[in-house]
Amino acid sequence: MERVKEISRVRELVGAAREDGGRIGFVPTMGYLHEGHLSLVRILKERTDFVVMSIFVNKLQFNDLNDFDSYPKDIQRDMELAEKAGVDLLFLPDDSEMYSNNLTVVDVHEITENLCGAHRPGHFQGVFTVVSKLFNIVQPDVAVFGQKDIQQVSGIKKMVTDLNFPIEIKVAPIVREKDGLAMSSRNKHLSSEERNNALALNRSLHRAKKMLMSGERDSSIIIEAMKEEISSVTHGDMDYISVVSFPDLKDVDRIDGDSVIALAVYFGDTRLIDNMLIEFTGDSLNCII
Ligand code: AMP
């Protein structure tokens, strides 16, 4: 595995891999790697010949500077995990390599009005700007993103279509701990009590799934049941619980087409997100948690 800090060196190495006839796969991350990130690498190993991972904690997407300052880091461990998973090129730019007097931003309207977009001003502009830059630097054939960040997935798919990036976007399932907690670098911040309480996220999604499977379609009834589940462990720290259409992420009163149930809840100072994708095939539905 090559470790590279300079954009010019990424271009050389990716260019050489492409000249050899290789398809290029790309997974952008902010590091402090876990099994969720590594599952994305495995998806690319099956489909491409040369896998690039970036690790860059992108200040532009943090609306809360405390969150940025305390974002967990362990670059030594990340390098070992990335190499073991089969990453060919690890791109570790510093801030000045990515942003020297950057005056350009990328935004995707409408899709960012709801969910995290409504609660984290500027967040998605930061995400789409850095992902555009990384796409132009790496120029992959395929890039993979996790369902865990479902609004990011919707926005990036729209951005790639609107801005004509010749890149195939794959979506990877949410990797969870054995007890159902979605893996996240931020889980490190949880006390053992908070971590235990955070299991309510997954429980509330399963409760919603059960209601859907028994025929409930009213969004507000499902949201109420989920609120009840969450409020049994935490008081008033719910950022949102929303039912939206997929992939355009508009609020829906009734669930009768492809949708997402998404939630963001604080446990102590740590904000966690989770979601369930609901896919309809004819009259039957499939809930992907
Ligand atoms: P991050 O480092 O949090 O920016 O995440 C980098 C990529 O990993 C994004 O595409 C995330 O959606 C994805 N990811 C994060 N957590 C998980 C998870 N538990 N399962 C699958 N993918 C994940």
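Note that the structure is predicted; figures quoted are calculated from it, not measured.

## Topic: the pairing of strand S2 (residues 24-29)
Step number 1: Summarising burial for S2: six of the six residues are buried, a large majority.
Step number 2: By the alternation rule, side chains of S2 split into Ile24, Phe26 and Pro28 and Gly25, Val27 and Thr29, which are all buried.
Step number 3: The sheet contact formed by S2 and strand S3 (residues 50-55) spans six bridges and is parallel. Looking at the pairing, Pro28 lines up with Ser54 of S3.

## A look at the site of the ligand
Step number 1: Surrounding the ligand, one finds 17 residues, the nearest of these being Met30, His37, Asp149, Val175 and Met183.
Step number 2: Between Met30 and the ligand, the recorded distance is 2.9 Å, taken from a backbone N or O atom to an oxygen atom.
Step number 3: Out of a free accessible area of 490 Å², the ligand has 93% covered by protein chains.
Step number 4: Elements with a contribution of two residues or more to the shell around the ligand: S2, helix H2 (35-47) and strand S5 (142-146).
Step number 5: Sorting elements by how many residues they give to the shell around the ligand places H2 first, with three residues.
Step number 6: Residue composition of the shell around the ligand, by class: nine nonpolar, six polar and two charged.

## Remarks on the pattern of salt bridges
Step number 1: Under the defined criterion, the tally for this structure stands at 17 salt bridges.
Step number 2: Here Asp141 ties to Arg18 by a salt bridge, and the two come within 3.3 Å at their closest N and O atoms. In this pair, Asp141 is assigned in the loop between helix H7 (123-138) and S5 and Arg18 in helix H1 (residues 7-19), connecting sequence segments 123 residues apart.
Step number 3: A relative accessible area of 22% places Asp141 in the partly exposed class.
Step number 4: What makes Arg18 partly exposed here is its relative accessible area of 33%.
Step number 5: The partner of Glu228 in a salt bridge is Arg207, and the shortest N-O contact between them spans 3.0 Å. With Glu228 in helix H10 (residues 219-231) and Arg207 in helix H9 (residues 192-213), this residue pair connects regions lying 21 residues apart in the sequence.
Step number 6: Overall, Glu228 belongs to the partly exposed group, its relative accessible area being 48%.
Step number 7: For Arg207, a relative accessible area of 28% translates into the label partly exposed.
Step number 8: A single network of salt bridges, built from pairs that share partners, joins Arg203, Arg207, Glu228 and Glu229.

## Let's talk about the domain arrangement of the chain
Step number 1: As far as domains go, the chain holds domain 1 (2-172) and domain 2 (185-288).
Step number 2: Between the C-alpha centres of domain 1 and domain 2 the distance comes to 26 Å.
Step number 3: Domain 1 puts 22 residues into the contact, and the matching count from domain 2 is 22 residues.
Step number 4: Together, Leu115, Gln147 and Ile150 form the three largest contributors to the area buried by domain 1 at its contact with domain 2, with a combined 27%.
Step number 5: Linking domain 1 to domain 2 there are two salt bridges.
Step number 6: A salt bridge links Arg186 to Asp67, with the nearest nitrogen and oxygen atoms 2.9 Å apart.
Step number 7: The tally of links from domain 1 across to domain 2 stands at 12 residue pairs in polar contact (both at pLDDT 80 or more).
Step number 8: For the side of domain 1 that touches domain 2, the elements supplying multiple residues, two or more each, are helix H6 (115-119) and helix H8 (150-162).
Step number 9: In terms of residue class, the side of domain 1 that touches domain 2 is built from eight nonpolar, nine polar and five charged.

## Some details on the packing of aromatic side chains
Step number 1: Considering all chains together, one arrives at seven aromatic pairs under this definition.
Step number 2: For the ring pair Phe56 and Tyr99, a centre distance of 6.1 Å and an interplane angle of 45 degrees mean the geometry is tilted. Placement of the pair is Phe56 in the loop between S3 and helix H3 (65-69) and Tyr99 in the loop between helix H5 (95-98) and H6, with a sequence separation of 43 residues. No difference in accessibility class separates Phe56 from Tyr99, as the two residues are buried.
Step number 3: Here the aromatic rings of Phe135 and Phe165 are separated by 5.5 Å at their centres, their planes lie at 75 degrees, and the arrangement is edge-to-face.

## Overview of unusual backbone geometry
Step number 1: Put simply, Phe246 and Pro247 share a cis peptide bond, and its omega is 10 degrees.
Step number 2: For Pro247, the location among the structural elements is in the loop between strand S7 (238-245) and strand S8 (259-267).
Step number 3: A positive phi is found at Tyr32, a non-glycine position, where the angle reads about 50 degrees.
Step number 4: The phi angle at Asn101 is positive, at roughly 50 degrees, despite the residue not being glycine.
Step number 5: Classification of Asn101 by relative accessible area gives exposed; the value is 64%.

Reading the values: rules and limits
Residues numbered from 1 in each chain as written. Predicted model: local features only at pLDDT ≥ 70, side-chain atom pairs only at ≥ 80, totals over all residues. Heavy atoms only, no water. Buried < 20%, exposed > 50% of the residue type's maximum accessible area, 1.4 Å probe, protein only. Helix = DSSP H or I, 4+ residues; strand = E, 2+ residues; numbered from the N terminus. Pairing = 2+ DSSP bridges. Near = heavy atom within 4 Å. Polar contact = N/O pair within 3.5 Å; in protein donor to acceptor, adjacent residues only side chain to side chain. Areas by Shrake-Rupley, 256 points an atom, 1.4 Å probe, with all protein chains shown as cover. Nonpolar A, V, L, I, M, F, W, Y, C, P; charged D, E, K, R; others polar. Salt bridge = Lys/Arg side-chain N within 4 Å of Asp/Glu carboxyl O. Domains from an automatic or database assignment. Contact = heavy atoms within 4.5 Å. Buried area = accessible area lost by both parts, 1.4 Å probe. Phe/Tyr/Trp six-rings, centres within 6.5 Å; stacked < 30°, edge-to-face > 60°.

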